[in-house]
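A structural walkthrough
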Amino acid sequence: MKKIKVGIVGFGKIGSGVVKVLQSRRAFLKDKAGVDITIAKICDKDLESKRPVKVKKSILTRAIGKILYDPEIDIVVELIGGIRPAKDIILEALRQGKHVVTANKALLSESGYEIFNLANALGLQVGFEASVGGGIPIIMALKEGFVANRINLIYGIINGTSNFILSKMAEGPSSFKEALKIAQGKGYAESDPYLDVSGIDSSNKLAVLALLGFGIPARARDIYTEGITLIESSDIQYAKELGYSIKLLAIAKRSGGSLELRVHPTLISRNHLLANVNGVYNAVFVKGDLIGENLFFGEGAGANPTSSAVVSDIISMAKADASGRTAEKKIAFRKDVERIKKMDDVRTRFYIRFSAIDKPGVLARISGILGKHKISIASVTQKEKRASRVVPIVMMTHEANEYDMAKALKEIDALSAIRKKSVRVRVES
Ligand SMILES: NC(=O)c1ccc[n+]([C@@H]2O[C@H](COP(=O)([O-])OP(=O)(O)OC[C@H]3O[C@@H](n4cnc5c(N)ncnc54)[C@H](OP(=O)(O)O)[C@@H]3O)[C@@H](O)[C@H]2O)c1
């Protein structure tokens, strides 16, 4: 039986999970996969803190060189996160002839193209199943299962923290702040939730999906990104009355010769499968020309699901190595869309909530400005007056251009009758 040695860099939440699975399931994996995986070394800055798994002291080190320059180690598993030194560690591991497994979506979205190109040139593999959707095997599906397809659309609910907050806000009248507090109390949100609620984490993951689905080496900064912080529970309620749910959606959508890449809160029909993905769950919806519509659903984070994905990559590399097919799973960059569409040129329907003073003529002025910018209204509801004189006016528009909508809202928000920045949420059919 082929024996494979791995070196693990980063003994934190996911690192501990991976060590636990590899140690406790060694015999099980030998039987099931036909390879014997041993952990040769674990590197972390901090070797003192208690971990949820016991390891021999002799395999622990603070010196990364003990992994990178150990000729016995076949696979380096990077689980420290961040850009530096993770990138240097991965590139050096490849130069030293080692395969790499990583869960680092931030790094892959920033430098994936460079890392995959080096791996391809050296005939080595980089496994990154754990970088998107935790235990959901979406990377393998896009790389292998759907390889014969022309992918037309990917919709992802790929940030569990944001999905939990929006679901909580939908359950009862909790504000964003209250829902965030609950998420933090349950350990579903970091004390600094910025990367999650700003949409940046979803953009990092969307960049990885876009590379696999469409061959476009986009970076997170090329992706239009808007988080969930401006959504109020009243928006979720109004959307519900109109037959929609609000989800933070990561969208990669073929549109002519170009690709729409965007992350933002989105109204989706309550009949859509994604509308019922609640709590910390993740889901990825893929449309291909042969497969039609497919939905992947599961736990998108946490030590167990993420370790499942990391170990799956390790096993698949170990098996490929055993039969000498090292370069089999190289990432092919067949660019099948010309360019990323400019956000200004994207066309969608919109939900808009204006906060206006209740006086005659305001609605007419708003409609007039929208009309001037070629935006036609599909429906309008003036909600009941609150304690103040400010009333919410909720509109649904027909398809309109982003650029026109931005100009119209700027003009409307400057009216003296408008008391708060208007909230607009795009609609996906
Ligand atoms: N947590 C999840 O649910 C999840 C899900 C999917 C993917 N991921 C990805 O998995 C990776 C690891 O996440 P995590 O949650 O396990 O993070 P974590 O708990 O913070 O673990 C990272 C560990 O690496 C150590 N470390 C940092 N820099 C190091 C260096 N230069 N050399 C050696 N050790 C170093 C850290 O030590 P210090 O604490 O002392 O800095 C920490 O022990 C990240 O890329 C993350 O995006 C996480």
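Turning our attention to the overall build of the protein. Counting its regular elements, the protein contains 14 helices and 18 strands. A compact globule built from 429 residues should have a C-alpha radius of gyration of about 22 Å, and the protein, at 24 Å, falls within 12% of that. Considering only C-alpha atoms, the protein reaches an extent of 80 × 45 × 35 Å along its principal axes. Partitioning the contacts of the protein with sequence separation of at least 6, the portion at a separation of at least 24 is 73%. Working note: accessible area of the protein is about 19200 Å², and carbon and sulfur atoms make up 50% of it. Once the 66 positive and 45 negative side-chain charges of the protein are each reduced to a mean point, those two points are 2 Å apart.

Taken as a whole and judged by the stated rule, the model has 26 salt bridges. Note that Glu428 is salt-bridged to Lys253, the shortest N-O span being 2.8 Å. With a gap of 175 residues between them, Glu428 in strand 18 (residues 418-428) and Lys253 in strand 9 (residues 244-255) connect regions that are remote in the sequence. When its relative accessible area of 3% is taken as the criterion, Glu428 is described as buried. You can call Lys253 partly exposed: its relative accessible area is 23%. Each member of the salt-bridge network shares a partner with another, and the members are Lys253, Glu260, Arg262, Lys341 and Glu428.

What follows concerns a positive patch on the surface. A cluster of basic residues, Lys359, Arg365, Arg389 and Arg419, forms a positive patch on the protein surface. You can see Arg419 is positioned in strand 18.

It is worth spelling out the site of the ligand at this point. What surrounds the ligand is a group of 19 residues, the closest being Lys13, Ile14, Asp44, Gly81 and Gly302. One nitrogen or oxygen atom from the main chain of Ile14 is found 2.8 Å from an oxygen atom belonging to the ligand. Between the ligand and the protein, one listed contact pairs an oxygen atom with a side-chain N or O atom of Lys105 at 3.2 Å. Look at the ligand: alone it shows 900 Å² of surface, and the protein chains cover 70% of it. Its residues placed into classes, the shell around the ligand shows 8 nonpolar, 6 polar and 5 charged.

Looking now at the nonpolar core. Counting 77 residues, the largest nonpolar core has Ile138, Leu142, Ile154, Ile165, Leu209, Leu267 and Val286 as the members making the most contacts within it. The biggest single contributor to this core is helix 10 (residues 200-214), with 8 residues. For Ile138, the contacting residues outside a window of four places in its chain are Glu129, Val132, Leu209, Val284, Val286 and Phe296. Ranked by size, the runner-up nonpolar core spans 30 residues in total, among them Val6, Val21, Val35 and Val53.

Put simply, helix 5 (residues 105-122) and helix 10 touch, their axes get as near as 7 Å, and they point 30 degrees apart. Relative to helix 10, helix 5 is oriented roughly parallel. Here Lys105, Ala106, Leu108, Ser109 and Phe116 of helix 5 lie close against helix 10, whose contacting residues are Asp201, Asn204, Lys205, Ala207, Val208 and Leu211.

Strands sit in the order 3-2-1-4-5-6 across an open sheet of 6 strands; the sheet is parallel. The open sheet has two free edges, formed respectively by strand 3 (60-61) and strand 6 (126-127), since each of these has just one partner strand. Relative to the sheet, helix 4 (residues 86-95) contacts strand 1 (2-9), strand 4 (75-78), strand 5 (99-102) and strand 6, its axis offset from that of strand 5 by approximately 155 degrees.

What follows is about the packing of aromatic side chains. Across all of its chains, the model carries 5 aromatic pairs by this definition. Consider the rings of Phe116 and Phe128, whose centres lie 4.9 Å apart with planes at 40 degrees: the pair is tilted. Residue Phe116 is located in helix 5, and its partner Phe128 is located in the loop between strand 6 and helix 6 (138-145); the two are separated by 12 residues in the primary sequence. The exposure classification of Phe116 matches that of Phe128, with both residues buried. Where Tyr281 meets Phe297, the ring centres are 4.8 Å apart and the plane angle is 15 degrees; that geometry is what we call stacked. Taken together, the residues Tyr281 in strand 11 (residues 281-288) and Phe297 in strand 12 (residues 292-299) connect sequence positions 16 residues apart. You can call Phe297 partly exposed: its relative accessible area is 47%.

Here is what the cut-offs are and how they apply
Residues numbered from 1 in each chain as written. Predicted model: local features only at pLDDT ≥ 70, side-chain atom pairs only at ≥ 80, totals over all residues. Heavy atoms only, no water. Helix = DSSP H or I, 4+ residues; strand = E, 2+ residues; numbered from the N terminus. Rg over C-alpha atoms; globule rule 2.2 N^0.38 Å. Contact = heavy atoms within 4.5 Å. Areas by Shrake-Rupley, 256 points an atom, 1.4 Å probe, with all protein chains shown as cover. Lys, Arg positive; Asp, Glu negative; His and termini not counted. Charge placed at Lys NZ, Arg CZ, Asp CG, Glu CD. Salt bridge = Lys/Arg side-chain N within 4 Å of Asp/Glu carboxyl O. Buried < 20%, exposed > 50% of the residue type's maximum accessible area, 1.4 Å probe, protein only. Patch = residues over 30% accessible without salt bridge, like charges linked within 9 Å, V, L, I, M, F, W, Y side chains within 5 Å. Near = heavy atom within 4 Å. Polar contact = N/O pair within 3.5 Å; in protein donor to acceptor, adjacent residues only side chain to side chain. Nonpolar A, V, L, I, M, F, W, Y, C, P; charged D, E, K, R; others polar. Core = buried A, V, L, I, M, F, W, Y, C linked by side-chain atoms within 4.5 Å. Axes fitted to C-alpha atoms, helices over the stretch in contact; angles between N-to-C directions. Parallel < 35°, antiparallel > 145°, perpendicular 65-115°, else oblique. Pairing = 2+ DSSP bridges. Phe/Tyr/Trp six-rings, centres within 6.5 Å; stacked < 30°, edge-to-face > 60°.

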